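The residues making up each chain are set out below.
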Amino acid sequence: MSGSVITVAMPKGRIFGDACRLLRDAGFSLPVTFETTRKLILDLDTAPFRFILAKPVDVPTYVEYGAADIGIAGKDVLLESGRDVYEMVDLGISRCHMAVAGLPGHRSKNPYLKIATKYPNIASDFYRRRGEQIDLIALNGSIELAPIVGLADAIVDIVSTGTTLRENGLVEFDRLMDISSRLIVNPVSYRLKKPVIDEIVEKMIRATEGTKVGMD
Ligand SMILES: Nc1ncnc2c1ncn2[C@@H]1O[C@H](COP(=O)(O)OP(=O)(O)OP(=O)(O)O)[C@@H](O)[C@H]1O
Ligand SMILES: O=P(O)(O)OC[C@H]1O[C@H](OP(=O)(O)OP(=O)(O)O)[C@H](O)[C@@H]1O
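Bear in mind that the values here come from a model prediction, so they are computed numbers and not experimental data.

## With respect to the overall build of the protein chain
No. 1: Along its length, the protein chain carries eight helices and 11 strands.
No. 2: Projected onto the principal axes, the alpha-carbon positions of the protein chain cover approximately 60 × 30 × 30 Å.
No. 3: Burial analysis of the protein chain (216 residues in total) assigns 44% to the buried set.
No. 4: Accessible area of the protein chain: about 11400 Å², with a carbon and sulfur share of 51%.

## Digging into the site of ligand 1
No. 1: Inspection of the region around ligand 1 gives 15 residues, with R14, K55, D76, V77 and S160 positioned closest.
No. 2: For ligand 1, an oxygen atom lies 2.7 Å from a polar atom in the side chain of D76.
No. 3: Within the side chain of S160, one N or O atom sits 3.3 Å away from a nitrogen atom of ligand 1.
No. 4: Across the complex, the protein chains shield 72% of the 610 Å² of accessible surface that ligand 1 would expose by itself.
No. 5: By residue class, the composition of the shell around ligand 1 is six nonpolar, four polar and five charged.
No. 6: Split by domain, the shell around ligand 1 shows at least three residues from each of two domains, domain 1 (6-94 + 180-207) and domain 2 (96-178).

## So, the site of ligand 2
No. 1: The immediate surroundings of ligand 2 are formed by 13 residues, with S142, E144, D157, T161 and T164 found nearest.
No. 2: R14 places a side-chain nitrogen or oxygen 3.0 Å from an oxygen atom of ligand 2.
No. 3: The backbone of S160 places a nitrogen or oxygen atom 2.8 Å from an oxygen atom of ligand 2.
No. 4: Mapped onto the shell around ligand 2, the elements with two or more residues apiece are strand 9 (154-159) and helix 6 (163-167).

## Comments concerning a positive patch on the surface
No. 1: A cluster of basic residues, K12, R14, R38, K55 and K118, forms a positive patch at the surface.
No. 2: Structurally, R14 can be placed in the loop between strand 1 (6-11) and helix 1 (16-25).

## As for the sheet that holds strand 5 (residues 86-90)
For sheets, the rule is that strands pair by backbone hydrogen bonds, running either parallel or antiparallel.
No. 1: Taken together, the six strands give an open sheet; going across it, the order is 2-3-1-4-11-5, and neighbouring strands pair in mixed fashion. The open sheet has two free edges, formed respectively by strand 2 (41-43) and strand 5, since each of these has just one partner strand. The sheet shows a mean angle of 25° between the axes of neighbouring strands, direction not considered.
No. 2: As paired elements, strand 4 (residues 70-74) and strand 11 (residues 181-185) share five bridges and run antiparallel to each other. Counted as the bridge partner of G71 is I184 from strand 11.
No. 3: Sitting on the sheet, helix 1 touches strand 1, strand 3 (49-54) and strand 4, and the angle it makes with strand 1 is about 145°.
No. 4: Each of strand 1, strand 3, strand 4, strand 5 and strand 11 is contacted by helix 8 (residues 194-208), which is oriented at about 30° to strand 5, the strand it contacts most.

Calculation rules
- The residue numbers shown here count from 1 along each chain, following its written sequence.
- Each chain is given a letter, starting from A, and each ligand a number, starting from 1, according to the order in which they appear as written.
- Per-residue local features of the predicted model are confined to residues with pLDDT of at least 70, and side-chain atom pairs are confined, for both listing and counting, to 80 or more; whole-chain, interface and lining totals are unaffected and use all residues.
- Based on all heavy atoms of the structure, the side-chain values leave hydrogens and waters out of the count.
- To qualify as a helix, a DSSP run of H or I must reach at least 4 residues; to qualify as a strand, a run of E must reach at least 2; elements of each kind are numbered from the N terminus.
- Think of it in three bands: with a 1.4 Å probe and only protein chains considered, a residue is buried below 20% of the maximum accessible area for its type, exposed above 50%, and partly exposed in between.
- The protein chains shown are the only cover counted for residues, whose accessible areas, like all others here, come from Shrake-Rupley with a 1.4 Å probe.
- By convention in these notes, a residue is near a molecule or strand provided one of its non-hydrogen atoms lies within 4 Å of it.
- Under this definition, polar contacts are N or O atom pairs within 3.5 Å; protein pairs additionally need one hydrogen-donor-capable and one acceptor-capable atom, and for neighbouring residues in sequence, both atoms have to be side-chain atoms.
- Amino acid classes used here: Ala, Val, Leu, Ile, Met, Phe, Trp, Tyr, Cys and Pro are nonpolar; Asp, Glu, Lys and Arg are charged; the rest, including Gly, are polar.
- Domain borders in the structure are assigned automatically or taken from a domain database.
- Patch rule: a residue counts if its relative accessible area is over 30% and it has no salt bridge; like charges are joined within 9 Å, and nonpolar side chains (Val, Leu, Ile, Met, Phe, Trp, Tyr) within 5 Å.
- Think of a salt bridge as a Lys or Arg side-chain nitrogen and an Asp or Glu carboxyl oxygen that are within 4 Å of each other.
- Charged residues are defined here as Lys and Arg on the positive side and Asp and Glu on the negative side; His and the ends of the chain fall outside this count.
- Every charge is mapped onto a representative atom, which is NZ of Lys, CZ of Arg, CG of Asp or CD of Glu.
- Two strands pair under a simple rule: DSSP has to find at least two bridges between them.
- To get an axis, fit a line to the C-alpha atoms, keeping to the stretch in contact for a helix; angles then go from 0 to 180 degrees between the N-to-C directions.
- Contacts: residue pairs with any heavy atoms within 4.5 Å of one another.

Everything listed here is a matter of coordinates, which is why it stays silent on function.
Have a look at this one:
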């Protein structure tokens, strides 16, 4: 783990813009090139911060292993990965929810429900709590295809605007949990760099106050 430099694991992709806005609101002077560069490690000239740009699903891994001191990750990714990190702040960005969805009126002919998902742990846990045995089909994207083409009886996936479900003729059966992005911290970093991490946490809490309004 780097001396007094704080390494921040940032999720590339859809969360990145909102995460950068929040960091700027929290007082970090990120350069304007931050959102457009293809570099994966970015140092700040103005403060001892280093940003690493990772795939969203990998952020908890960088933080658990201490390759990053802190990071920003979706609650879905945190629940699914079960990584050993501290979840310090609900940032209120990239809000969506996890749901079971499928074709309206669909009746399964399978001995166990076939559930397609990018989230096998979350899906298994949900059906285990309901006392239902399922067949899991792990996919990596375009999950909504699975019930339409007969690969699965239902899906467990993220819903945000509901457009993907609607445009593919699917309906939501159950709402599992609300999702938003969280600030996470490596437990050892927190012990070693507590004052500076607490300061970041405070600044992020203040910056997120606006993002909580109207949370669904
Ligand atoms: N439709 C959505 N609307 C809002 N937030 C979403 C949506 N889908 C996913 N998210 C949130 O954004 C996070 C990142 O999304 P996702 O895993 O789709 O990666 P991505 O930004 O598309 O990048 P990549 O495809 O490279 O993994 C998810 O973990 C989740 O918390
Ligand atoms: O309710 P909506 O606003 O339509 O958003 C929901 C969609 O967004 C995510 O997909 P993503 O865009 O990440 O595509 P992928 O799963 O195919 O990678 C999610 O898996 C849903 O398919």
